[in-house]
Amino acid sequence: MPVVMDAERIHRSLTRIAHEILERNRGTDQLALVGIRARGVPIATRVAGHLKAIAGVDVPTGALDITLYRDDLMRHAVGPQPVIRRTEIPFSIDDRLILLADDVLYTGRTIRAALDALIDFGRPKEIQLVVLVDRGHRELPIRADYVGRNIPTSRQQSVQVRLVEIDGRDEVEVEG
Amino acid sequence: MSTLTALRGRHLLGIADLEPGEIELVLETAVAMKEVGTRPIKKVPTMRGQTVINLFMEPSTRTRMSFELAEKRLSADTLGMTTSGSSVTKGETLADTARTLEAMAPDMIVLRHPSSGAPHQLARICRASIINAGDGMHEHPTQALLDAFTMMERKGRLNGVRVAIVGDLAHSRVLRSNALLLVKMGADVRACGPATLVPPGLDRLGVRVFRSLDAAIEGADVVMMLRVQYERMHGLYLPSVREYFNEFGLTPARLERAAPDVIVMHPGPMNRGVEIDSEVADGPWSVILDQVANGVAVRMAVLYLLAGGEEGER
């Protein structure tokens, strides 16, 4: 199946998102980025890089592992537990505007878990959602504030986001 | 990083059953669990709705509290049962106790028992996952895992680390589990204790036995002191406290033979002035309190990894 975003397109999408973030949020001193492991983390880092390039601001960036908050964790009768990685949020999220970043928005369940996890770290003023791809099929009342690209899919398909930092190259592919 | 993503069994009965990859998986998961303990809200909803019974049929404070805290941080519902005031003192057998508890449908049972092999018996009877929290003179797997985690934190590796384990070797499940784990992970394991308290067959585990403490400590990266059990003192095994301390007590002077960045460990509870000098226990070498803190993280990792379950059909 086709590659729906290449490196160039991913780069442009994240640059545009950085512009939108600055437009929507006057003043950047309260901003912080939190990426959801695994691929939300490089996305958050790249958006932070764009914000720095455009507005000269250093936005603190953290990484969130949501495994322990998943709603399907103890429901699998068979199969291994997902591997847990470290959560690293080296700043207080109290009263900040948190930009939560992930690669693909699908059912919304990951974001639900991430919201629960984040709120255990403090009380942010506001949380906005950044995603590279929105593929539809929401199961919860959740929407993204910044979307790199909307990609209509069927539930049978899968969307593979590959990023240089993790996968060695940048592309988004729809499979199946 | 571990290539495994799951433990093969659904119980943790001993280190003997674990592969090196499984040990790595527990230690890596514990790193993430330790972070949970640094959050403003030190609790995650992972085991919500799961019931864990802590069945402690032998006195224990730190292990029991450590497990309880780990369970609570993962949001499990916990029940505790200790020997005093329980049906055990009324003569109930372990098998009957197990069947009774099983009828309450717990997801896991954490068992501390004076008889070696008791957790294995429980595992045959119960559908719940069993975690061995110390059985007789056999194994204490979570202690060995938390010790390994503490060594990893300080030394960055287990392979090639020189570890001297000193004290009552014959009656120690801590020694046994640690020796099994450390040898599997490629550490250089040495043991030292009074001749009356050296069990046969330690060399078959891959442990080198030393008669003199100075020789055992030579160049050690880690010195692990075992508790001298008072109940064994004055008997056939040991002449006197003073004589024991002179020969096997860890003092700052003795530590000079170890590696410059040596760390000192003790599973607790300590007997100051018997196996360890206060100056060592409270000194810069000591990671004894780190071991306590790490115990919670490691037990959270074990609970989490066993909670997924393979058969249990939850």
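Residues numbered from 1 in each chain as written. Chains lettered and ligands numbered in written order. Predicted model: local features only at pLDDT ≥ 70, side-chain atom pairs only at ≥ 80, totals over all residues.

A. A look at the overall build of chain A. The helix and strand inventory of chain A stands at 4 helices and 8 strands. For chain A, the sequential pattern of α-helices and β-strands runs β-α-β-α-β-β-α-β-β-β-α-β. By principal-axis analysis of the C-alpha atoms, chain A measures approximately 45 × 35 × 30 Å. Taking all 176 residues of chain A together, the buried fraction comes to 39%. Contacts in chain A between residues at least 24 apart in sequence constitute 71% of all its contacts with a sequence separation of at least 6. (Helix = DSSP H or I, 4+ residues; strand = E, 2+ residues; numbered from the N terminus. Buried ≥ 20, exposed ≤ 12 C-beta atoms within 10 Å, placed from the backbone. Contact = placed C-beta atoms within 7 Å.)

B. Layout of the sheet that holds strand E3 (residues 61-64) of chain A. Residues and elements named next belong to chain A. Strand order in the open sheet formed by 5 strands is E3-E2-E4-E5-E6, with parallel pairing between adjacent strands. Unpaired on one side and paired on the other, E3 and strand E6 (146-150) mark the two borders of the sheet. In this sheet, neighbouring strand axes are inclined to one another by 25 degrees on average, regardless of whether the strands run parallel or antiparallel. In terms of strand pairing, strand E4 (residues 97-105) meets strand E5 (residues 126-134) through 8 bridges, oriented parallel. The residue of E5 that forms the bridge with Val104 is Val133. Set on the sheet, helix H2 (residues 40-55) makes contact with strand E2 (31-36), E3, E4 and E5; between it and E2 the angle comes to about 155 degrees. (Pairing = 2+ DSSP bridges. Axes fitted to C-alpha atoms, helices over the stretch in contact; angles between N-to-C directions.)

C. Just the pairing of strand E5 (residues 162-166) of chain B, in detail. Residues and elements named next belong to chain B. Among the 5 residues of E5, 5 are classified as buried, and the element is accordingly described as predominantly covered. Burial along E5 is two-sided: the residues Arg162, Ala164 and Val166 and Val163 and Ile165 are all buried. Relative to strand E6 (residues 188-192), E5 runs parallel, the two being bridged by 5 bridges. Counted as the bridge partner of Arg162 is Asp188 from E6. Taking the sense of rotation as the criterion, the β-α-β connection linking E5, helix H6 (residues 173-184) and E6 turns out right-handed. The pairing of E5 with strand E8 (residues 222-225) spans 4 bridges and is classified as parallel. Residue pairing in the sheet places Val166 in a bridge with Met225 of E8. (Right-handed = clockwise from strand over helix to strand, strands pointing away.)

D. The environment of B:Pro252, seen in detail. Residue and element names in this part refer to chain B. Looking at where Pro252 falls in the secondary structure, it is placed in helix H9 (residues 252-255). Of the residues examined, Pro252 has 12 C-beta atoms within 10 Å and is grouped as exposed. Between the alpha carbons of Pro252 and Ser278 there is a distance of 9.6 Å; along the sequence they are 26 residues apart. Apart from residues no more than four positions distant in its own chain, Pro252 is found in contact with Asp277, Glu279, Val280 and Gly283.

E. A look at the pairing of strand E3 (residues 108-113) of chain B. All names here are of chain B. Judged by how many residues are buried, E3 sits mostly within the fold: 6 of 6 residues are covered. Both faces of E3 are covered, namely the face carrying Met108, Val110 and Arg112 and the face carrying Ile109, Leu111 and His113. When strand E1 (residues 51-56) meets E3, the two strands line up parallel, connected through 5 bridges. By the bridge assignment for E3, Asn54 is matched with Val110. Pairing between E3 and strand E4 (residues 129-135): 5 bridges, direction parallel. Paired with Ile109 across the two strands is Ile130, which belongs to E4. In this region the chain leaves E3, passes through helix H4 (residues 118-125) and returns to the parallel neighbour E4; the handedness of that crossover is right-handed.

F. Structural view of the packing of helix H1 (residues 7-24) of chain A against H2(A). Residues and elements named next belong to chain A. Relative orientation of the contacting elements H1 and H2 amounts to 65 degrees, with a least axis distance of 9 Å. Remark: the crossing between H1 and H2 carries right-handed chirality. Along the contact surface, H1 presents Leu14, Thr15, Ile17, Ala18, His19, Ile21 and Leu22, while H2 presents Arg46, Val47, His50, Leu51, Ile54 and Ala55. Here the residues of the contact of H1 with H2 are counted per class, giving 9 nonpolar, 3 polar and 1 charged. (Left-handed = near helix turned anticlockwise from the far one by under 90°. Nonpolar A, V, L, I, M, F, W, Y, C, P; charged D, E, K, R; others polar.)

G. Representation of helix H2 (residues 62-73) of chain B. All names here are of chain B. Helix length check: H2, at 12 residues, gives a terminal C-alpha distance of 16 Å against a target of 16 Å (1.5 Å per residue), a fit within 8%. Thr63, Ser66, Phe67, Ala70, Glu71 and Arg73 are the residues of H2 that are buried. Buried residues of H2, viewed axially, fall in a sector of 165 degrees; they line one side. The inward-facing, buried residues of H2 abut helix H1 (20-36), E1, strand E2 (77-82), E3, E4 and helix H11 (288-307). Looking at the residues trailing H2, positive phi occurs at Ser75, about 70 degrees. (Expected span 1.5 Å × (residues − 1). Arc of directions from axis to C-beta.)

H. Main features of the sheet that holds strand E7 (residues 208-210) of chain B. Residues and elements named next belong to chain B. An order of E7-E6-E5-E8-E9 is seen for the 5 strands of this open sheet, with the pairing classed as parallel. At either end of the open sheet lies a strand with only one pairing partner, and these are E7 and strand E9 (263-265). Ignoring strand direction, the axes of neighbouring strands in this sheet form an average angle of 25 degrees.

I. Focus on unusual backbone geometry. Residues A:Arg37 and A:Ala38 are joined by a peptide bond in cis, for which omega reads 5 degrees. Positionally, A:Ala38 belongs in the loop between E2 and H2. Following B:Gly268, the chain continues to B:Pro269 via a peptide bond in cis, the omega torsion being -10 degrees. Here B:Pro269 lies in the loop between E9 and helix H10 (278-281). The phi dihedral of A:Asp95 falls on the positive side, at around 60 degrees, and the residue is not glycine. Of note, A:Asp95 is situated in the loop between E3 and E4. The phi dihedral of B:Ala105 falls on the positive side, at around 55 degrees, and the residue is not glycine.

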